[in-house]
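# Examination of the molecular architecture
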Amino acid sequence: ENIGWRIGIDLYSGFFDFLYDIPTFPGDPEGGKYFFLSPAGYIENTIRLGGLDIISGIRAEGYTLSNTICFPAYDPRFSSRLAIGDFGFVKASAGIFSQFPTPRQGNPNSDGNPDLNAQKSYQFSIGYEQSISSALKIEMTGFYNLLNDIVVGREDRFRFYTGPPPIGPFDTKPYANAGGGQIYGIETQIRYNGPNTIGLFSGTFSRSERTNRDGNVRLFAYDQPFVINALLSQQLAKNRRFGFRIRYSAGNPYTPVVNRVYDLNTRNFFPVYGERDSGRINPFFALDIRYDKDYTFDKWKLTTYIDIQNATYYKNTELMAWTYDYTEEQPIEGQPPFPIFGIKGEW
């Protein structure tokens, strides 16, 4: 009664097809089509000892690319939940999570390295959950993720990026599991689940860093010191519901231009960049609105809805650009509000 087991198998397979043939990129075109197979098996044990729940398990996974390359991964995981009084819980977890290299990184036909290992994330967390009432609950969790065996190298190949072109020196050595990093922070959440009202407020405050092959540490390209979300959904009469969501977060880091040089031979301006990742684009903000209505029939239900993203048309900066002479920044902004209409049937 107080011990449970769960055993399962996952299977993920398909074809990975890519082509990088960009006229403005100085390198040669690159492409490939690969068959991949990723089988996984897992076993999980749950033990209940009074007010303490303990869950432990392991996941074994492989990744085979074109029947020639295999990246194995073995990920043990552990979590626990201890009741404190009638309405409080202390929660803790630790585990390893793996991510396999991409086909581009692992296949020797695209200058990859078939000897790569799976990338590892060692994740730890501890938190506290408290029910204030039957409808109101608060939660706070601290977390730390240690990243090991991150694949680095071949930065001379075509890649996508946000913001200005990356600044060297570049790691042009062969792909290798020589990178690392860490992510740490705290998450808070307040949830209200009443008879006709659902409310949620969450905030995450964190820092994400990456370490290159030489041991140098820098901010992750998508580091966000804070992410705040608020949601409210209200049930109305006649099977109608109205809700909204507010999203607010820090902008991604970017490298600002601090000066410019004019080349008399080419008659072009060239930027002089400042310290790498020393600037941030403007914070992101969006107000999303949704309205839906249910129509109930004898054997099925029809829902109609309208969903408006960024209803206030806040001009969020997607990435940074400059005028032709680099005297002023000209951010590339997101799209205007776009209403989405839809219907959904349930039997």
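In this report, we go over the structure that sits alongside the text.

Counting 13 residues, the largest nonpolar core has Y63, L65, F71, F100 and L116 as its most contacted members. In contact with F71, other than residues within four places in its own chain, are E61, G62, Y63, F100, P101, G106, P114 and L116. Among the nonpolar cores identified, the runner-up in size contains 5 residues, and Y254, V257, I281 and M320 belong to it.

Right, let's talk about a nonpolar patch on the surface for a bit. Taken together, the side chains of I3, W5, I7, I43, I58 and Y74 define a hydrophobic patch exposed on the protein surface, amounting to about 710 Å² of accessible area. For the nonpolar patch, the leading source of residues is strand 1 (residues 3–20), giving 3 residues.

In this section: the packing of aromatic side chains. Each aromatic ring pair is described using two quantities: the centre-to-centre distance and the angle formed by the ring planes. Under the definition given, this model contains 19 aromatic pairs. Summarising the aromatic geometry, the rings of F18 and Y20 are spaced 5.4 Å apart at their centres and angled 45° between planes, so their arrangement reads as tilted. Of the residues examined, F18 reaches a relative accessible area of 8% and is grouped as buried. For the pair F297 and W300, a centre-to-centre distance of 4.7 Å together with 15° between the ring planes defines the contact as stacked. Accessibility expressed as a relative area gives 41% for F297, which makes it partly exposed. An aromatic cluster of three or more residues is present, and its members are Y12, F36, Y63, F71 and F100. The ring of F89 is capped by R81, whose NZ or CZ atom sits 3.6 Å from the centre of that ring. Cation over ring: K293 sits above Y295, and NZ or CZ is 5.1 Å from the ring centre.

Take the pairing of strand 9 (residues 136–152) next. Judged from the 12 bridges that link them, strand 8 (residues 119–131) and strand 9 form a sheet pairing that is antiparallel. In the sheet register, Y122 faces strand 9, and the bridge partner there is L146. Linking strand 8 back to strand 9 in an antiparallel pair, the connection comprises 4 residues. With 14 bridges joining them, strand 9 and strand 10 (residues 176–193) adopt antiparallel strand pairing. By the bridge assignment for strand 10, T141 is matched with E187.

We note that D149 has phi near 60°; this positive angle belongs to a residue other than glycine. The topology assignment puts D149 in strand 9.

For the rest of this paragraph, the subject is the pattern of salt bridges. Scanning all chains against the criterion turns up 24 salt bridges. Note that E346 is salt-bridged to K301, the shortest N-O span being 3.8 Å. Separated by 45 residues along the polypeptide, E346 in strand 23 (residues 338–346) and K301 in strand 20 (residues 301–309) bring together distant segments of the chain. The class for K301 is partly exposed, based on a relative accessible area of 28%.

Here is what the cut-offs are and how they apply
Residues numbered from 1 in each chain as written. Predicted model: local features only at pLDDT ≥ 70, side-chain atom pairs only at ≥ 80, totals over all residues. Heavy atoms only, no water. Core = buried A, V, L, I, M, F, W, Y, C linked by side-chain atoms within 4.5 Å. Buried < 20%, exposed > 50% of the residue type's maximum accessible area, 1.4 Å probe, protein only. Contact = heavy atoms within 4.5 Å. Patch = residues over 30% accessible without salt bridge, like charges linked within 9 Å, V, L, I, M, F, W, Y side chains within 5 Å. Areas by Shrake-Rupley, 256 points an atom, 1.4 Å probe, with all protein chains shown as cover. Salt bridge = Lys/Arg side-chain N within 4 Å of Asp/Glu carboxyl O. Helix = DSSP H or I, 4+ residues; strand = E, 2+ residues; numbered from the N terminus. Phe/Tyr/Trp six-rings, centres within 6.5 Å; stacked < 30°, edge-to-face > 60°. Lys NZ or Arg CZ within 6 Å of the ring centre and 35° of its normal. Pairing = 2+ DSSP bridges.

All we've got here are geometric facts, nothing functional implied.
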